[in-house]
Protein chains: 2
Amino acid sequence: MGGDFAPQATVAGALLALAELDPAHSIQLVGRTAVVEAQLRALLDGELSSHAAQRDRIAIVEAPDVIEMSDKPSTAMRGKPNSSMAVGLRMQSEGMSDAFVSAGSTGAQMAASMVLLKLHPGLKRPAIVTLFPSARHAVAVLDSGANVDCSSDELVQFARLGAAYAECVLGRPNPAIGLLSVGEEPEKGDAVTKEANQLLQASGLNFIGNVEGRDLPTGGTDRQHVDVVVCDGFVGNVLLKFYEAIAPFMIETLRAAGVDAAHLAMALQHLDYSEYGGAPLLGVRGVSIIAHGKSSPRAIKGAIKVALQAVTSGMNDVIGERLGSPKEHAA
Amino acid sequence: MGGDFAPQATVAGALLALAELDPAHSIQLVGRTAVVEAQLRALLDGELSSHAAQRDRIAIVEAPDVIEMSDKPSTAMRGKPNSSMAVGLRMQSEGMSDAFVSAGSTGAQMAASMVLLKLHPGLKRPAIVTLFPSARHAVAVLDSGANVDCSSDELVQFARLGAAYAECVLGRPNPAIGLLSVGEEPEKGDAVTKEANQLLQASGLNFIGNVEGRDLPTGGTDRQHVDVVVCDGFVGNVLLKFYEAIAPFMIETLRAAGVDAAHLAMALQHLDYSEYGGAPLLGVRGVSIIAHGKSSPRAIKGAIKVALQAVTSGMNDVIGERLGSPKEHAA
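Quick caveat: nothing in here was measured; it's all calculated off a predicted structure. Residue numbering note: each chain is counted from 1, following its sequence as written. Here every chain gets a letter starting at A, and every ligand a number starting at 1, in the order they are written. At least 70 in pLDDT is required for a residue's local features to be given in this predicted model, at least 80 for side-chain atom pairs to be given and counted, and no such filter applies to totals for whole chains, interfaces and linings, which use all residues.

When its secondary structure is counted, chain A shows 13 helices and 11 strands. Overall size of chain A, expressed as C-alpha extent along the three principal axes, is 60 × 55 × 35 Å. Considering only residue pairs separated by 6 or more positions, chain A has 73% of its internal contacts joining residues 24 or more positions apart. Under the scheme used here, helices are H or I runs from DSSP no shorter than 4 residues and strands are E runs no shorter than 2 residues, and both carry numbers assigned from the N terminus. By the convention adopted here, residues are in contact when the distance between their C-beta atoms, placed from the backbone, does not exceed 7 Å.

In structure tokens:
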């Protein structure tokens, strides 16, 4: 029920995903049954009529409450115990599903995931990881907004979470971890970042040192690529929203300069967020994928594929191992 | 002597500026006399031969020491008392010049400006303001890197400095001030930002509330434009470097998609930093303009024009009044 284009985009995205996934996989659509059923019928009778074969792999699960964007995340769980958010995540905690995807309120999904899936031991809060398109490859940036005031220890935990994500979901063994700062040298940055630099050097991770804002669009420096960039959720969120807004601005600038639509469409494809699917909430004991509120059916399909990759790669177990690893105790 | 393309770009920029400025204005080129003289002669004998008339408005001032980018800002002043940085700023403190422009080490320029020009009472450090191209108009962002760990009081001072800059240099009366955060609501953000939001509401400035990363490329929200965006120097520096790197990345993406060079050049113009000239160091009692290390002659010309605008508008006095205003004492 969540997201700017729900339930149409969500239901259509599920159909698109099923067409591409192994037949062994199925999807539970959680929400107001009548609404979801009507939407599903409309799509199968209309623009997605070629997807009729996927209908058998869809179950509809009733969840009468709907969390609105205006609801406070902290009270949404108590006031609406049978929202699609709560019902969907509870199913995972009870072993009836393997992963959860939503385009609804990020704050509510975070709160519900913490309550229903629980956090790995030693974590105080989960982190959101998002992919930034770059000239080299997509760079994973975390935290992208779950935590605004972070300690250096938390930045090190983000590095461990991001490393597990890059290995399991992006398929990058021994990922290169950078710490976002205002200069390459370890002594550059604010107090927390300088401290985190020291801790990361002793963390056992493949830590390449500080990276700067300019290394994000290039995917690293001339000498060294970067897979994961660690920062607090304030900086990460500002950067993410800035990046999301800059592509439309530049495209508009180019259109005004007379660049034709076909060329722009080709270029846009490379920068399109929906290519990259959803943003996993890392640190919870399970799989909870945050899809963008403006998700298209294609973006929902992408988020479902990220969820599947997280499940099949055992990301959650890898995170548990890494957070409890002897390396961390030594650091 | 400072900057990646010095002294060629610096000297050429001075000639280009003089050709456009009122004949009453003159420029002092501070550096190793022989080097500067040879460069000036080469340009006037060659590509800038049409600028011979400007030669009389140029004085060359000897400064034997050169600060290298590898020199520590804190020790550069003591170890190299006769650098072009120190000599040029000393001339301003002694009333022999009105403004100083450099493309050299930002850290050294900041340190030398604090020592030789001094700060306005009540300030602990100056702030760097840079202009971000946007869909509406250029947005002034500060601090862009002079201060990494900031208090809420310092963020309020940045707002006052930025307001004076926007009025005097950008010619925007009663500029709209936004506070960079992770959500529009006053209660969104890290601890320092939340506190700063409260202080700014009582500051007497035209404070429009929190703005987000997405409001920078658009120059504000749908309802409200923004002239000045306030943030700490860590976030500001990360964003600035990110923005500088993203245009080349997007241009490369478009080139790969087959967009032709002429269209790209037209679009680039809008995003070209050299259009926007130098970044004033705000808070010092005088005019000290930081030009980008990679400044072209055109960018140097732009920085000189910013310096002139700061002088003729009396920006320094306006800043003095605003920082000492009764409004601040009331806040």
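What follows continues from the structure just given.
Once that is clear, we can look at the sheet that holds strand β3 (residues 100-102) of chain A. Residues and elements named next belong to chain A. A pair of strands is considered paired only if DSSP assigns at least 2 bridges between the two. A sheet is described by the order of its strands in space; here 4 strands give the open sequence β3-β11-β10-β4, paired in mixed fashion. Edge strands, defined here as strands with exactly one partner in the open sheet, are β3 and β4 (127-128). Pairing analysis gives 2 bridges linking strand β10 (residues 279-282) to strand β11 (residues 288-290), with the strands arranged antiparallel. Opposite A279, over in β11, you have I290 as the bridge partner.

We now examine the sheet that holds strand β6 (residues 139-142) of chain B. Residues and elements named next belong to chain B. One open sheet holds the 5 strands; their spatial order is β5-β6-β9-β7-β8, and the pairing between them is mixed. Each edge of the sheet is formed by a strand with only one pairing partner; in this case those strands are β5 (130-132) and β8 (207-211). The average undirected angle you get between the axes of adjacent strands in this sheet is 30 degrees. Here β6 runs beside strand β9 (residues 228-230); their pairing, made up of 3 bridges, is parallel. Within the sheet, the bridge partner assigned to V141 lies in β9 and is V229. Working convention: axes come from line fits to C-alpha atoms, limited for helices to the stretch in contact. Angles between N-to-C directions cover 0 to 180 degrees. Helix α6 (residues 152-168) contacts β6, β7 (177-180) and β9 of the sheet and is inclined by roughly 165 degrees relative to β9. This element, helix α7 (residues 191-201), spans β7 and β8 of the sheet and lies at about 165 degrees to β7.

All names here are of chain B. The contact between helix α1 (residues 8-20) and helix α2 (residues 33-45) brings their axes to 10 Å, and the two run at 60 degrees. Judged by the angle between their axes, α1 and α2 are oblique. Between α1 and α2 lies a crossing whose hand is right-handed. Together, Q8, V11, A12 and L15 of α1 and V36, Q39, L40 and L43 of α2 make up the contact between the two elements. Looking at the contact of α1 with α2 residue by residue, the class counts come to 6 nonpolar, 2 polar and no charged. Relative orientations are named as follows: roughly parallel for angles under 35 degrees, roughly antiparallel for angles over 145 degrees, roughly perpendicular for angles from 65 to 115 degrees, and oblique for any other angle. Crossing handedness is read from the near helix: turned anticlockwise from the far helix by less than a right angle, it gives a left-handed crossing, and turned clockwise, a right-handed one. Put simply, Ala, Val, Leu, Ile, Met, Phe, Trp, Tyr, Cys and Pro go in the nonpolar bin, Asp, Glu, Lys and Arg in the charged bin, and everything else, Gly too, in the polar bin.

What follows deals with the relation of the copies chain A and chain B. We superpose the copies by least squares over the C-alpha atoms of residues that have a pLDDT of at least 70 in both of them. For the pair chain A and chain B, the best superposition has an RMSD of 0.0 Å and corresponds to a rotation of 180 degrees with a translation of 0.0 Å parallel to the axis. Both copies are brought into coincidence by an operation consistent with a two-fold rotation axis. Judged by C-alpha distance, V235 of chain A is the residue of chain A that lies nearest the rotation axis, at 3.0 Å. Interface residue correspondence from chain A to chain B reaches 100%, placing this contact among same-surface, isologous pairings.

Defined on buried residues, the nonpolar core groups Ala, Val, Leu, Ile, Met, Phe, Trp, Tyr and Cys residues joined through C-beta atoms within 7 Å. Buried, partly exposed and exposed are defined by the number of other C-beta atoms within 10 Å of a residue's own C-beta, namely 20 or more, between the two limits, and 12 or fewer respectively, with C-beta atoms placed from the backbone. Among the nonpolar cores identified, the biggest contains 210 residues, and V230 of chain A together with V230 of chain B are the most heavily contacted of them. V230 of chain B has contacts with L142, L155, F158, A159, G162, I177, L179 and L180 of chain B, leaving out every residue within four places of it along the chain.

As a further point, take the interface of chain A and chain B. Facing 39 residues of chain A, the contacting portion of chain B comprises 39 residues. Secondary-structure elements contributing two or more residues to the side of chain A that touches chain B are α8 (215-218), α9 (233-256) and α10 (261-271) of chain A. Sorting elements by how many residues they give to the side of chain A that touches chain B places α9 of chain A first, with 16 residues. Classifying every residue of the side of chain A that touches chain B gives 23 nonpolar, 9 polar and 7 charged.

The next thing to look at is the pairing of strand β10 (residues 279-282) of chain B. Residue and element names in this part refer to chain B. Residues A279 and L281 of β10 are buried on one face, and the alternating residues P280 and L282, pointing to the opposite face, are buried as well. Sheet analysis places strand β4 (residues 127-128) next to β10, joined by 2 bridges and oriented antiparallel. In the sheet register, I128 faces β10, and the bridge partner there is L281. Taking the residues that link successive antiparallel strands as the turn, the β10-strand β11 (residues 288-290) hairpin has 5 residues, and the phi of G283 there is positive, at about 115 degrees.

Here we come to helix α9 (residues 233-256) of chain B. Residue and element names in this part refer to chain B. Expected span of a helix, by definition, is 1.5 Å for each gap between consecutive residues, and there is one gap fewer than residues. Spanning 24 residues, α9 covers 35 Å between terminal C-alpha atoms, matching the ideal 34 Å at 1.5 Å per step. The element α9 is extensively covered by neighbouring structure, given that 17 of its 24 residues are classed as buried. At the C-terminal side of α9, G258 shows a positive phi close to 100 degrees.

Our focus in this paragraph is the environment of E20 of chain A. Residue and element names in this part refer to chain A. Examined against the element boundaries, E20 turns out to sit in helix α1 (residues 8-20). Looking at E20, the number of C-beta atoms within 10 Å reads 12, which means it is exposed. Here the alpha-carbon distance between E20 and Q39, two residues 19 residues apart in the chain, equals 21 Å.

All right, on to the confidence of the model for chain A then. Residue and element names in this part refer to chain A. Considering every residue of chain A, the mean pLDDT works out to 91; 95% of them sit at 70 or more. With pLDDT under 50 throughout, residues 326-331 is counted as low confidence; its partners more than four residues away or in other chains account for 6 contacts. In the model output, the complex is listed with pTM 0.91 alongside ipTM 0.90. Values of pLDDT, which run from 0 to 100, indicate the predictor's confidence residue by residue.

Below, the discussion takes up the packing of helix α6 (residues 152-168) of chain A against helix α7 (residues 191-201) of chain A. Residues and elements named next belong to chain A. Relative to each other, α6 and α7 sit at 50 degrees, their axes nearing to 8 Å. Of the possible angle classes, the one that applies to α6 and α7 is oblique. In the crossing of α6 with α7, the sense of the turn from one axis to the other is right-handed. Facing S152, L155, V156 and A159 of α6, the residues of α7 in contact are V192, E195, A196, L199 and L200. Broken down by class, the residue content of the contact of α6 with α7 amounts to 7 nonpolar, 1 polar and 1 charged.

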